[in-house]
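So you can see what is in the structure, the chains are spelled out below.
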Amino acid sequence: MSRVAALVLTLALGGAVVIGPLVGAAVAQAPSQAVRHVVVFKYKAGATPAQIQKVTDAFRALATSIPGITAFEDGVNNSPEGLNQGFTHVYMLTFTNAAARDAYLPHPEHKKFGQLLGQSGIFDGAFVVDYTPTTTR
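Colleague: Explain the pattern of salt bridges here, please?
Modeller: Side-chain pairs of opposite charge can arise whenever the charged atoms involved come near each other. Applying the stated criterion across every chain, the model contains five salt bridges. Asp-102 is paired through a salt bridge with Arg-101; the nearest N and O atoms lie 2.7 Å apart. Overall, Arg-101 belongs to the buried group, its relative accessible area being 15%. Asp-130 is paired through a salt bridge with Arg-101; the nearest N and O atoms lie 2.8 Å apart.

Structure below.
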């Protein structure tokens, strides 16, 4: 084997020994993929702001009573496009990962919220979208 080939092989193996543990450590420390849970409600025409606020407050309280929820946001549609099909109130929960979201769905506090929503008399419909966010730099 030539000296140049031996040097290249030595450098390559040395790099693998140094870089290998770093790559393994980076993979082992990579965080779980967060999951966004977007819920959009349509309320009946006669719903008062106070009734809607009661639902919103109860929904927001889930973030402090169910493990794995890292953020809660809410807002009212203000798009000028007019494509919301009567759905007006957006609620977005961020979960640490899909397992946390999956545990949330049958959680007793979530079920209790569903009962409150149904008994409110103002609920007219919902749609839900879950996704794992990607970012572009």
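Colleague: Help me out: how do you make sense of helix H2 (residues 49-65) in this one?
Modeller: Since the α-helix turns once every 3.6 residues, residues separated by three or four places project in the same direction. When the terminal C-alpha atoms of H2 are compared, their 25 Å separation across 17 residues agrees well with the 24 Å that a helix rising 1.5 Å per residue should span. Elements in contact with the buried residues of H2: strand E1 (35-43), strand E2 (69-76), strand E3 (89-95), helix H3 (98-104) and helix H4 (108-119).

Colleague: What is the right way to look at the nonpolar core in this model?
Modeller: One recurring pattern in soluble globular proteins: nonpolar side chains tend to sit buried together. Counting 20 residues, the largest nonpolar core has Phe-41, Tyr-43, Phe-59, Tyr-91 and Tyr-104 as its most contacted members. Broken down by secondary-structure element, the contributors of at least two residues to this core are E1, H2, E2, E3, H3 and H4. With sequence-adjacent residues up to four places away left out, Tyr-104 is seen in contact with His-37, Phe-59, Leu-62, Ile-66, Ile-69, Leu-93, Phe-95 and His-110.

Colleague: What's the story with the packing of H2 against H4 in this structure? I'm lost.
Modeller: How two helices sit against one another is set out by the angle between their axes and by the gap between those axes. Two numbers describe how H2 lies on H4: the axes approach to 10 Å, and their chain directions differ by 180°. Classified by the interaxial angle, the pair formed by H2 and H4 is roughly antiparallel. Two secondary-structure elements touch here, H2 through Lys-54, Val-55, Ala-58, Phe-59, Leu-62 and Ser-65 and H4 through Glu-109, His-110, Phe-113, Leu-116 and Leu-117. A breakdown of the residues in the contact of H2 with H4 according to their chemical character gives seven nonpolar, two polar and two charged.

Colleague: Teacher, can you tell me more about the environment of Phe-41 here?
Modeller: Position of Phe-41 among the secondary structure elements: in strand E1. When the C-alpha atoms of Phe-41 and Thr-88 are compared, they prove to be 6.2 Å apart, with 47 residues separating the residues in sequence.

Colleague: Help me understand the packing of aromatic side chains, please; the structure alone is not making it clear to me.
Modeller: The geometry of an aromatic ring pair is captured by the separation of the ring centres together with the interplanar angle, meaning the angle of the planes. This model, assessed by the stated rule, comprises 10 aromatic pairs. Each ring, one from Phe-41 and one from Phe-59, has its centre 6.0 Å from the other, and the planes form 20°; the classification is stacked. Taken together, the residues span a long stretch of sequence, with Phe-41 in strand E1 and Phe-59 in helix H2 at a distance of 18 residues. The exposure classification of Phe-41 matches that of Phe-59, with both residues buried. One aromatic cluster is present, formed by Phe-41, Tyr-43, Phe-59, Phe-72, Tyr-91, Phe-113 and Phe-123 through successive ring pairs.

Colleague: I keep staring at the sheet that holds E1 and nothing clicks. Help me out?
Modeller: Either a parallel or an antiparallel arrangement is found when strands of a sheet pair, and the pairing is made through backbone hydrogen bonds. Within the open sheet, the four strands sit side by side as E2-E3-E1-E4. Their pairing is antiparallel. Looking at which strands have only one partner, the edges of the open sheet turn out to be E2 and strand E4 (123-131). Across the sheet, the mean angle separating the axes of adjacent strands is 15° when strand polarity is ignored. Note that E2 and E3 share seven bridges and pair antiparallel. Its bridge partner being in E3, Gly-75 is matched across the sheet by Val-90. Against the sheet, H2 engages E1, E2 and E3, with an angle of about 165° to E2.

Each value, and the rule that gives it
- Residues numbered from 1 in each chain as written.
- Predicted model: local features only at pLDDT ≥ 70, side-chain atom pairs only at ≥ 80, totals over all residues.
- Heavy atoms only, no water.
- Salt bridge = Lys/Arg side-chain N within 4 Å of Asp/Glu carboxyl O.
- Buried < 20%, exposed > 50% of the residue type's maximum accessible area, 1.4 Å probe, protein only.
- Helix = DSSP H or I, 4+ residues; strand = E, 2+ residues; numbered from the N terminus.
- Expected span 1.5 Å × (residues − 1).
- Contact = heavy atoms within 4.5 Å.
- Core = buried A, V, L, I, M, F, W, Y, C linked by side-chain atoms within 4.5 Å.
- Axes fitted to C-alpha atoms, helices over the stretch in contact; angles between N-to-C directions.
- Parallel < 35°, antiparallel > 145°, perpendicular 65-115°, else oblique.
- Nonpolar A, V, L, I, M, F, W, Y, C, P; charged D, E, K, R; others polar.
- Phe/Tyr/Trp six-rings, centres within 6.5 Å; stacked < 30°, edge-to-face > 60°.
- Pairing = 2+ DSSP bridges.

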